[in-house]
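Below, each chain spelled out in residue letters.
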Amino acid sequence: MAVGYRSIFSLRRGQDAVRLTAEQLRSWLALKGYGFVAVAPGVHEVAEHAQLVVTELHPHDGSRSLRYRLTESSSAGEWVTTVTVHSDGMEDDWVWVDVNAPSSAPRPAAPPERLVKEVDAADAWWTGVPHMVREILSVADACDGEMILAARPTLVTVGDVDGLISAICDPGRRGTALVAAPIPDVPVPRLIGHVEQLTRECVGLAGIFVLDTGAAAKLEESFAPSHSVPLGAIRTFLPEVDPASAVDARRHRVLLARTIAEQAPGKLAHLLGRANRSRALNLPLPSHVAQVDRMLSREEPAAVLRAIQETPPGPFARRPDDGPAGPAPVGQVATTAVREVAIAGELLTSLVSEFQSAASSAYAAGGPDDMTARFRELLAEGRGVLRGYREISRRFAALQDMLEEVEDDRDHVRARLEDEQLDHAETQAELLNAKLELDRLRGVLARAGRVDQTRAALAAVQSPGSFAELLERLDEHVLSCVAFTGDPKNALELDDFDPLGTWAARARDMLRVLDGYAAARRRGEFSKGVHAYLGHTPPGRPGYAPGAHSTQESDSVERSPRLRKLRVFPVPRDVRPDGAIFMGAHFKIARKGLVSPRMHYHDDAAHTGKIYLGYIGKHLPNAHTN
């Protein structure tokens, strides 16, 4: 059994996700014919072939977490739908839906709302968008970061383009953004219906947007040609879009109008759905979701055991001799193990009662020795069951710890691979451009007879081998227009992750750019800001790719006093009387998971003629990290 569908989304402030999810769950169960109304914590046998386990957590911080796990048995195996909802009264509520599909079989029997078909060589059954997800997204104001998640495509007009760009470039977005451009002479309502058909298997996994003619023109003006959406096409924008980087454009695939016209809609819907499922399932859980997941995963077996102890198994309860049901998730395996131990304990308790009621007659018939032997045998069995239960509890706890460690390692490796792939592509492009420029300059210098002087200049600007060396150069004022005011400790910690000095070399190049920018401002060669300088670097001045630079932080950081405070760094008192200032502008030194080093600075070139570097270190916390 494997996860075939996963959707994680937030509900904007003011919506009660717990209440809404409970209502939709009851409606969904009724639609399936289970006629089950109560969704209280515990174990509920809603049908002979279906069991619902509800787990609830009420931590001392005032938050509330609920998990509904519905297991449905069929001739094909078991379908397990897990719905997790969390509310803490401070941040947006969130909902997480997983559907585990059985291995493929000759005659699958699936619920009506699921589209079941073979999709790949792994013999896994296709899992359609759950009916419950469509219903929640139809009645709620759901989002993924700043991106709208809805059951139907969202129309984008000219006035909505800035919001769409903000959502596309939002660093907190996890899912993809599918943007469809208009088709000439096709009315907007018909276009929306067409896009809805093509993207029906992406609901809950992606934001789906349809541009009208005016919005398409404005988006074309705002984005570089490399990131445009051609007429009649659908473009998939992955997270962390950098419209200024031609290399970044390779990540965002385009489904061209010709392909859409030539292929069957059902095939394209399946193609888009499979790509978005694969990406969603390969992403690590957000840190705040993973934290709740681990608490619920540890609570669920204990809650099941308590429910069994309070209420004997009903007529539909699974017994140990019912036969195998196929592989199951860790939480389900633990639940089954606990139930089997509890059932064995109940049987043993019944035997004790039977012996006690018949003790007097048995004593008279067999004598005290026979009775003592039978009680000792019973006691030994009871102790064995107790030891088995304790051992299962210990093993489950150990397996849970191991699982969490493996998940952390897997998520780290996936993030690192993606970062390294993008870094490699960017480095290749930069290297090619640098080689072309170097060849041109060598020819010019050779004709001028200044090759020896050029070699000496290159030796003087040799890249640092570490951040420790980079800080030494800053202390020596090698860059006259850049002053480091931050804590060296943060920068030195990066050397543990950068054994070859690659990051330090990039940081040096970025600092040379800031130094060149400030010098150009001093001499009147340039009058705009750093980002404009990167896009239009004056001749003879050092430059860098604009995509590595951000003029400000995300809205979620700007609005949070706690997160803003983390980005307040020292500056001289002639710059700011209180000796500190918020530094939202920053360079992205590299991508590497949660480390992803950053360099925050304050541009004071227009006043003191300097750039104040307040921070070099790991990526500072934002709204999506702990």
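Before reading further, recall that the structure is shown in the block above.
All values reported here derive from a predicted model rather than from experimental measurement. Along each chain, numbering runs from 1 in the same order as the chain's sequence is written. In keeping with the model being predicted, local features are shown solely for residues with a pLDDT of at least 70 and side-chain atom pairs are shown and tallied solely at 80 or more, while totals for entire chains, interfaces and linings include all residues. Think of the side-chain values as coming from all heavy atoms in the structure, minus any hydrogens and water.

S.K.: Any details on the overall build of the protein chain? Residues and values, ideally.
M.R.: When you go through the protein chain residue by residue, the secondary structure sums to 17 helices and 20 strands. Each of the 626 residues in the protein chain was classed as buried or not, and the buried ones make up 44%. Long-range pairs, those at least 24 residues apart, make up 64% of the contacts in the protein chain between residues at least 6 apart in sequence. With residues, only the protein chains shown are counted as cover, and all accessible areas are computed by Shrake-Rupley using a 1.4 Å probe. When the accessible area of the protein chain is evaluated, it comes to approximately 31,500 Å², of which 54% is carbon and sulfur surface. Every helix listed is a DSSP run of H or I at least four residues long, and every strand listed is a run of E at least two residues long, numbered separately from the N terminus. When a residue's accessible area, from a 1.4 Å probe over protein chains only, is under 20% of the maximum for its type it is buried; when over 50% it is exposed; and in between it is partly exposed. Any two residues whose heavy atoms approach within 4.5 Å at even a single point are treated as in contact.

S.K.: Got a sec to walk through empty space enclosed by the protein? Specific residues and values, please.
M.R.: Lining residues are defined by having an atom within 4 Å of a point belonging to a cavity or pocket. Those points lie on a 1 Å grid over the protein atoms alone, cavities being sets where a 1.4 Å probe fits but cannot get out and pockets being open sets with protein on both sides within 12 Å along at least five of seven lines. Grid points are joined across faces, edges and corners, and a volume is the space filled by probe spheres set on the points. Following the criterion strictly, the structure yields one cavity of 30 Å³ or more and no others. When its volume is computed, the largest cavity comes out at roughly 50 Å³. With four residues, the top contributor of residues to the lining of the largest cavity is helix α4 (residues 188-198). For this classification, the nonpolar set comprises Ala, Val, Leu, Ile, Met, Phe, Trp, Tyr, Cys and Pro, the charged set comprises Asp, Glu, Lys and Arg, and every other residue, Gly included, is treated as polar. In the lining of the largest cavity, the residues fall into nine nonpolar, two polar and no charged.

S.K.: Would you mind going over the pattern of salt bridges in detail, with residue names and values included?
M.R.: Each reported salt bridge corresponds to a side-chain nitrogen of Lys or Arg within 4 Å of a carboxyl oxygen of Asp or Glu. By the definition in use, this model includes 18 salt bridges. Ionic pairing is found between D92 and R13, a salt bridge with its closest N-O pair at 3.5 Å. In this pair, D92 sits in the loop between β5 (77-87) and β6 (93-101) while R13 sits in the loop between β1 (2-11) and α1 (17-31), placing the two residues 79 residues apart along the sequence. On the accessibility criterion, D92 (30% relative accessible area) is partly exposed. Judged by its relative accessible area of 58%, R13 falls in the exposed class. Among the salt bridges present, the one from K489 reaches E493, with a minimum N-O distance of 3.8 Å.

S.K.: Can you tell me about the sheet that holds strand β18 (residues 586-588), naming the residues and giving the values?
M.R.: Pairing is mixed across the open sheet formed by five strands, whose spatial order is β14-β20-β19-β18-β15. Each end of this open sheet is capped by a strand with a single partner; those strands are β14 (482-484) and β15 (549-550). Between N-to-C directions, angles cover 0 to 180 degrees, with each direction set by a line fitted to C-alpha atoms, over the stretch in contact for helices. Across the sheet, helix α14 (residues 502-522) is in contact with β14, β18, β19 (598-604) and β20 (610-617); its angle to β19 comes to roughly 10 degrees. Each pair of strands is called paired provided DSSP finds at least two bridges between the two strands.

S.K.: Report on the sheet that holds strand β4 (residues 64-74), specifying residues and quantitative values.
M.R.: The pairing of strands in a sheet happens through backbone hydrogen bonds and is either parallel or antiparallel. Strand order in the open sheet made by the eight strands is β2-β3-β4-β5-β6-β1-β7-β8, with antiparallel pairing throughout. Since the sheet does not close on itself, it has two edges, and those belong to β2 (42-47) and β8 (147-149), each with one partner. When strand polarity is set aside, the average angle formed by the axes of neighbouring strands in this sheet is 25 degrees. Relative to strand β7 (residues 142-144), β1 runs antiparallel, the two sharing two bridges. Bridged to L11 within β7 is A142. Docked against the sheet, α1 engages β1, β3 (50-57), β4, β5 and β6, running at close to 15 degrees with respect to β4. Of the strands in this sheet, β1, β5, β6, β7 and β8 touch helix α2 (residues 131-139), which is tilted by about 10 degrees from β1.

S.K.: If you had to explain α4 to someone new, which residues and values would you point to?
M.R.: Along α4, the residues classified as buried are L191, I192, V195 and L198. Buried residues of α4, seen end-on, are gathered within an arc of 125 degrees and therefore sit on one face of the element. Structural note: α4 exposes P189 and R190 on the side pointing more than 90 degrees away from its buried face. The elements touched by buried residues of α4 are β9 (154-156), β10 (176-180), β11 (206-211), β12 (234-237), α6 (257-262) and α7 (265-282). As used here, the arc is the angular range of directions from the helix axis to the C-beta atoms.

S.K.: How would you sum up the environment of N622? Please name residues and give values.
M.R.: With respect to the helices, strands and loops of the structure, N622 is situated in the segment after β20. Residues N622 and P171, spaced 451 residues apart in sequence, show a C-alpha to C-alpha distance of 9.7 Å. In contact with N622, other than residues within four places in its own chain, are V557, L563 and R567.

S.K.: Mind laying out α1, listing which residues take part and the relevant values?
M.R.: Counting along an α-helix, one turn takes 3.6 residues, and residues three or four places apart therefore face a common direction. In this analysis, the expected span of each helix is defined as 1.5 Å times one less than the number of residues it contains. For α1, built from 15 residues, the straight-helix expectation of 21 Å at 1.5 Å per residue is met to within 8% by its first-to-last C-alpha distance of 21 Å. Among the residues making up α1, those that are buried are A17, V18, L20, T21, A22, Q24, L25, W28 and L29. For α1, the secondary structure elements touched by its buried residues are β1, β3, β4, β5, β6 and α2. We call two N or O atoms a polar contact when they sit within 3.5 Å, provided that within protein one can donate a hydrogen and the other can accept it, with sequence-adjacent residues counted only if both atoms are side-chain atoms. For α1, the side-chain oxygen to backbone nitrogen distance between the N-cap and V18 is 3.1 Å, and the N-cap itself is D16.

S.K.: An account of the packing of aromatic side chains is needed here, citing residue identities and associated values.
M.R.: By convention, a stacked pair of Phe, Tyr or Trp rings (six-membered ring in the case of Trp) has centres within 6.5 Å and planes under 30 degrees apart, an edge-to-face pair has planes over 60 apart, and any other such pair is tilted. Taken as a whole, this structure holds five aromatic pairs when the rule is applied. Aromatic side chains Y517 and Y533 sit 5.6 Å apart centroid to centroid with 70 degrees between the ring planes, which places their arrangement in the edge-to-face category. Taken together, the residues span a long stretch of sequence, with Y517 in helix α14 and Y533 in helix α15 (residues 530-535) at a distance of 16 residues. Centroid distance F526 to Y533: 5.7 Å. Interplanar angle 90 degrees. Geometry classified as edge-to-face. The same class applies to F526 as to Y533, namely buried. In this scheme, the term charge over a ring applies when either NZ of a lysine or CZ of an arginine sits within 6 Å of the ring centre and within 35 degrees of the ring normal. Over the ring of F582 we find R564; its NZ or CZ atom is 4.0 Å from the centre of that ring.

S.K.: Give a description of unusual backbone geometry that names residues and reports values.
M.R.: A negative phi angle characterises most non-glycine residues, just as the trans form characterises most peptide bonds. Residue D185 is not a glycine yet carries a positive backbone phi of 70 degrees. Along the polypeptide, D185 turns up in the loop between β10 and α4. Look at E240: it is not a glycine, yet its phi comes out positive at around 60 degrees. Summarising the element assignment, E240 is placed in the loop between β12 and β13 (254-255).

S.K.: How would you explain the nonpolar core if you had to name every residue and give the values?
M.R.: With 59 residues, the main nonpolar core has Y68 and V179 as its most contacted residues. The biggest single contributor to this core is α1, with seven residues. Side-chain atoms within 4.5 Å link the members of a nonpolar core, which is a set of buried Ala, Val, Leu, Ile, Met, Phe, Trp, Tyr and Cys residues. In this structure, L479, A504, V513 and A585 belong to the second largest nonpolar core, which totals 37 residues.

S.K.: Lay out the packing of α1 against α2 with the relevant residues and their values.
M.R.: The interhelical angle for the contact between α1 and α2, taken along N-to-C directions, is 135 degrees, at an axis separation of 10 Å. Taken together, the axis directions place α1 and α2 in an arrangement best described as oblique. α2 is crossed by α1, and the crossing has right-handed handedness. On α2, the residues that touch L20, T21, Q24, L25, W28 and L31 of α1 are H131, M132, E135, I136 and V139. Grouping the amino acids of the contact of α1 with α2 by side-chain chemistry returns seven nonpolar, three polar and one charged. Between 65 and 115 degrees an angle is taken as roughly perpendicular, under 35 as roughly parallel, over 145 as roughly antiparallel, and anywhere else as oblique. Left-handed is the label given to a crossing in which the near helix is rotated counterclockwise from the far helix by less than a right angle, and right-handed is the label when the rotation is clockwise.

S.K.: Report on the pairing of β3, specifying residues and quantitative values.
M.R.: Most of β3 sits inside the fold, with seven of its eight residues counted as buried. Looking at chain direction, β2 and β3 are connected through five bridges and run antiparallel. When the bridges of β3 are listed, H44 appears paired with L52. In textbook terms, the turn of a hairpin is the stretch between consecutive antiparallel strands, and for β2 and β3 this stretch comprises two residues. Here β3 pairs with β4 via eight bridges, running antiparallel. Paired with V53 across the two strands is R69, which belongs to β4.

That is the geometry; function is a separate question.
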